[in-house]
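# Descriptive structure summary
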Amino acid sequence: MVGTAPQHTDGEGVDAGVGLTALLVAAARAIETHRHDSLAQDVYAEHFVRAAPACANWPVRIQQVPDGDGNPLWGRFARYFGLRTRVLDDFLLQSVRTNARQVVLLGAGLDARAFRLDWPSDCVVFEIDRAGVLAFKHQVLTDLSATPKVKRVPVTVDLRADWVTALTTAGFDPAAPSVWLAEGLLFYLPGPAERYLIDTVDSLTTAGSALAFEAKLEEDLQAYRDSPIYTATRDEIGIDLLSLFDKGARPDSVGDLAARGWSTSMHTPFDFTRRHRRGPLPEPNDALEGNRWVFAHKPSP
């Protein structure tokens, strides 16, 4: 049974706070797109970056970074986002090639997967995010005359508010298999909102559905405050990620899903660096040390 959603709304767009991190990821995807050994292609990413005054001077190619891949932010961290994009692309496409025909992007941000991936013709992609973020995204894509490759349904709602009604009203069918993605989202949410989200995904999914999300396992995030990635992100573009992460205790979402009968697997990003032979590897005082990518499947009863 789904409980009452934590009540919180705001009109934040992409020019401040968590919304600004969507532009950071877009810049990283743009850099990845232009690499000779690119893991993921997103031709829309640099247009998002260039359309926002807050990041008009950010690089969109590694050649624009004086120290190149030696830069902790635009080198190592951006490569991390490029790797994450590829891994989650693969997960979504595999899911729709098997059972799922509904894709739900939770906190979609500037995700352009509806426009850049090759989906089955009978798929539908639901993009959930706040009004300010989706409005900015719509304007940029409209100016580019971009056309989605799949039926795309933006759902304007804050995930810290009641988003279930908005999603089902938009046409989501709980009786049909679905695949859900929470990319770089959960650690910004209060613990109760994360629990509500996991409970809700479980209640809105049927057998054959799947979920991928990112978690952080560090007990004390502040221990990494002076890590190269967090320091460079603060100093170079003014985003203090640790101030944006929720400070409360994190729920055991992997355990909660397993208790509900989901099969789960959890990986470090470095597992995929080794698989793809590109991406970050562990280093001392590593802000990525506690990051985990979780993949869950809801089997038949």
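See the structure above.
Residues numbered from 1 in each chain as written. Predicted model: local features only at pLDDT ≥ 70, side-chain atom pairs only at ≥ 80, totals over all residues. Heavy atoms only, no water.

### Topic: the pairing of strand E3 (residues 151-156)
Our working rule: Paired strands, as defined in this entry, are two strands with at least two bridges between them according to DSSP. Secondary structure follows DSSP: runs of H or I at least 4 residues long count as helices, runs of E at least 2 residues long count as strands, and numbering of each begins at the N terminus. Crossover handedness is defined here as right-handed if the route from the first strand over the helix to the second strand goes clockwise, with the strands pointing away from the viewer.
Of the pairings in the sheet, the one linking strand E2 (residues 124-129) to E3 comprises 6 bridges and is parallel in character. Across the sheet, the residue bridging to Val125 is Arg152, located in E3. With respect to chirality, the unit in which E2 leads through helix H5 (residues 131-143) into the neighbouring parallel E3 is right-handed.

### So, the packing of helix H3 (residues 72-98) against helix H8 (residues 228-237)
Our working definition: Think of each axis as a best-fit line through the C-alpha atoms, taken over the contacting stretch in the case of a helix, with angles from 0 to 180 degrees between the N-to-C directions. Put simply, angles under 35 degrees are roughly parallel, angles over 145 are roughly antiparallel, angles from 65 to 115 are roughly perpendicular, and the rest are oblique. Helix crossings get a hand from a simple test, with the near helix turned counterclockwise from the far one by less than a right angle marking a left-handed crossing and a clockwise turn marking a right-handed one. Here, residues are in contact when the closest pair of their heavy atoms is within 4.5 Å. In this count, Pro and Cys sit with the nonpolar residues alongside Ala, Val, Leu, Ile, Met, Phe, Trp and Tyr, while Asp, Glu, Lys and Arg are called charged and the others, Gly among them, polar.
For the pair H3 and H8, the least separation of the axes is 9 Å and the interaxial angle reads 125°. Judged on the interaxial angle alone, H8 and H3 are oblique. In terms of crossing hand, the pair formed by H3 and H8 is left-handed. Contacts from Pro72, Leu73, Trp74, Arg76 and Phe77 in H3 reach Pro228, Ile229, Ala232, Thr233, Glu236 and Ile237 in H8. Looking at the contact of H3 with H8 residue by residue, the class counts come to 8 nonpolar, 1 polar and 2 charged.

### Notes on the packing of aromatic side chains
Put simply, the rule reads: Here a Phe, Tyr or Trp ring, Trp counted by its six-membered ring, pairs with any other such ring whose centre lies within 6.5 Å, and the pair is stacked when the planes are under 30 degrees apart, edge-to-face when over 60, and tilted otherwise. Classification of residues uses two cut-offs on accessible area relative to the type maximum, computed with a 1.4 Å probe and protein chains only: under 20% is buried, over 50% is exposed, and between them is partly exposed.
A full pass over the atoms with the stated rule returns 18 aromatic pairs. Measuring from ring centre to ring centre gives 5.1 Å for Phe187 and Phe245, while their planes differ by 75°; the resulting arrangement is edge-to-face. Residue Phe187 is located in the loop between strand E4 (178-182) and helix H7 (191-203), and its partner Phe245 is located in the loop between helix H9 (241-244) and helix H10 (253-259); the two are separated by 58 residues in the primary sequence. This pair shows no difference in class: Phe187 is buried, exactly as Phe245 is. Where Tyr188 meets Phe245, the ring centres are 5.3 Å apart and the plane angle is 55°; that geometry is what we call tilted. With Tyr188 in the loop between E4 and H7 and Phe245 in the loop between H9 and H10, the pair connects residues that are 57 residues apart, well separated along the chain. Taken individually, Tyr188 and Phe245 each receive the classification buried, so the pair is uniform in this respect.

### Concerning the sheet that holds E2
Strand order in the open sheet formed by 7 strands is E3-E2-E1-E4-E5-E7-E6, and the pairing between neighbours is mixed. Edge positions in the open sheet fall to E3 and strand E6 (263-267), since each of these has one partner strand only. Looking at each pair of strands side by side, their axes are set apart by 15° on average, direction ignored. In this structure, strand E5 (residues 210-216) lies alongside strand E7 (residues 291-297), joined through 7 bridges in antiparallel fashion. Paired with Phe213 across the strands is Val294, a residue of E7. Helix-sheet contacts for H3 involve strand E1 (102-106), E4, E5 and E7, and the interaxial angle to E7 is about 5°.

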